[in-house]
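Tertiary structure, described
Chain residues, written in single-letter form:
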Amino acid sequence: MRGEGVYVWDAEGKRYLDLAGSAAVNLIGHGVPEISAAMARQAAELEFVHTSQFTTPVAEAYAEELLAFAGENFRGGAVYFTCGGSESIETALKLARQYQVEIGQTRRYQILSRQQSYHGSTLGALSVSGNKRRRDMYLPMVREFAHIGMPYCYRCHFDCSDGCRNCGQQYAAELDQAIDAAHGEAAAFIFEPVSGATLGAVVPPPGYLQSIAEICRKRGLLLIADEVMTGMGRTGRNFAVEHWDIAPDILVAAKGLSSGYMPLGAVIANQKVVDAIATGSGAFLHGFTYNAHPISLAAGRTVLGYLQSKDLVAASDDTRSGSPAYHFKQALDRLRDHEAVGEVRGIGLLRAIEFVADKKTKQPFAPEQNFAGRVGAAALKHGLLVYPMQGCVDGVSGDHLLLAPPAVISQDQIEWAVDQLAASIREALA
């Protein structure tokens, strides 16, 4: 197999256009030689040291650059590097607990989250996830805390006549209620700024995230933004929280952090969290053998420099006329009239298509039909890679495709891909 730009080739030599970005991982494109060259240089110089013994120049330089990329909110903060998203979520959850202990709030340990969310596959990450299909088998092993509802305006439980601002406030009020029910034991709230695989690129309504952030500030909870899928430029901002001008205490990144060139994740903490630990016990009681692995960091640092030099955050901004994200949004909007398409949604280069059996009633396809899987299989035959999922309605029913192409995709490639996608939907329906 090999990859170049937006394409990958299988062992038989068939070419596929990667409209999923390898599960919303690859933003810079496949086969960028600068990344592999940087990895080789680092491997030749120093392949690995354990962080209990040494720090490395690449770790220190990359942490400084990543803090600057994360913005003013993280000035004076710190970065903890891991090998991926699930490890980073585990790290963030433990960091939130230790922060509360360090400031004398020892009763606080519960991590509140949302239904229909996904934060990773390890047991701690599953405990704060709401993806029924990925959780149910393991529930006897999971420590559960409260999961509140989340705005999903296509299927809202409240009045959306005002553009969903009112329903956003009603969903935000559920956080206040969950904090009350925790009786002083809530330590943090974790959320995806834009939903990932579970709901498929659902964008929050106006005012919702601002209200969530204010509730956490007033009630003494840390705010954890899971930007594993949405970060590193994917939505047309460095991190998606910038669209709503909110400042999380902890920000989690992975996937696009290395664009898939190496396993890599990061937990970015603000100065408040860092200072609490520095002036308390003095050390974060946590660790993985391979955190801050030098070769992974060399890849990530070079990816960051590459996406900045190529202006790929701007390329992912769908409000910029002529950008790949702008053309992608316009092309996907043509699918709205298809009889099986209920909604086309998303932001930047993170988008989704939800399928329905009946457009008027929004009735989903029966789960056993696996409609999204059928569309995905048809697309594969057409040489198109997508990310099919089920369960967006209630955890079991509801089909959608998640679409997250590399930011180097051209207008002609977008047009071809959407044409193949339309054909694949017709074939699945037939």
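The structure reproduced in this document is the subject of the present report. (Residues numbered from 1 in each chain as written. Predicted model: local features only at pLDDT ≥ 70, side-chain atom pairs only at ≥ 80, totals over all residues. Heavy atoms only, no water.)

Moving on, we come to the pattern of salt bridges. Opposite charge on two side chains permits them to pair, given that their charged atoms come into close proximity. Using the criterion set out here, one finds 20 salt bridges in the structure. Glutamate 65 serves as the salt-bridge partner of arginine 301, at 2.8 Å between the closest nitrogen and oxygen. Remark: glutamate 65 occurs in helix α3 (residues 57-70) and arginine 301 occurs in helix α10 (residues 294-309); sequence separation between them is 236 residues. Look at arginine 301 and you get partly exposed, because its relative accessible area is 34%. Ionic pairing is found between lysine 132 and aspartate 136, a salt bridge with its closest N-O pair at 2.8 Å. Judged by its relative accessible area of 34%, lysine 132 is partly exposed. The exposure class assigned to aspartate 136 is partly exposed, which follows from its relative accessible area of 35%. Salt bridges here are not isolated pairs; linked through shared partners, they connect Arg155, Glu343, Arg345 and Glu354. (Salt bridge = Lys/Arg side-chain N within 4 Å of Asp/Glu carboxyl O. Helix = DSSP H or I, 4+ residues; strand = E, 2+ residues; numbered from the N terminus. Buried < 20%, exposed > 50% of the residue type's maximum accessible area, 1.4 Å probe, protein only.)

Attention now moves to the sheet that holds strand β7 (residues 186-191). The sheet built from seven strands is open, its strands ordered β4-β10-β9-β8-β7-β5-β6 with mixed pairing. The open sheet terminates on both sides in strands that have one partner only, identified here as β4 (78-82) and β6 (147-148). Across three bridges, the pairing between strand β8 (residues 222-226) and strand β9 (residues 250-253) is parallel. What sits directly across from aspartate 226, in β9, is valine 252. (Pairing = 2+ DSSP bridges.)

Quick look at α3 now. In this model α3 runs 20 Å from its N-terminal to its C-terminal C-alpha over 14 residues, within 8% of the 20 Å that 1.5 Å per residue would give. As for α3, its buried residues are in contact with α2 (33-45), β4, β10 (265-269), α10 and α11 (312-315). Immediately downstream of α3, the backbone of glycine 71 shows phi near 105 degrees, a positive value. (Expected span 1.5 Å × (residues − 1). Contact = heavy atoms within 4.5 Å.)

The next point concerns the packing of helix α7 (residues 165-181) against helix α8 (residues 208-219). As a packed pair, α7 and α8 sit with axes 8 Å apart at the nearest point and diverge in direction by 20 degrees. Taken together, the axes of α7 and α8 are roughly parallel relative to one another. The chirality of how α7 crosses α8 is right-handed. Taking contact as the criterion, the partners of Gly168, Gln169, Tyr171, Ala172, Leu175, Asp176, Ile179 and Asp180 in α7 are, on α8, Tyr208, Ser211, Ile212, Ile215, Cys216 and Arg219. Residue composition of the contact of α7 with α8, by class: eight nonpolar, three polar and three charged. (Axes fitted to C-alpha atoms, helices over the stretch in contact; angles between N-to-C directions. Parallel < 35°, antiparallel > 145°, perpendicular 65-115°, else oblique. Left-handed = near helix turned anticlockwise from the far one by under 90°. Nonpolar A, V, L, I, M, F, W, Y, C, P; charged D, E, K, R; others polar.)

Moving on, we get to the environment of valine 202. Mapped onto the secondary structure, valine 202 falls in the loop between β7 and α8. A residue is classified by how much of its surface remains accessible, and valine 202, at 7% relative accessible area, is buried. For the pair valine 202 and proline 294, spaced 92 residues apart in sequence, the C-alpha separation works out to 35 Å. Leaving out residues up to four positions away in the same chain, valine 202 has contacts with Pro151, Tyr152, Val194, Ser195 and Arg345.

Keep in mind that these numbers describe shape and distance, not what the molecule does.
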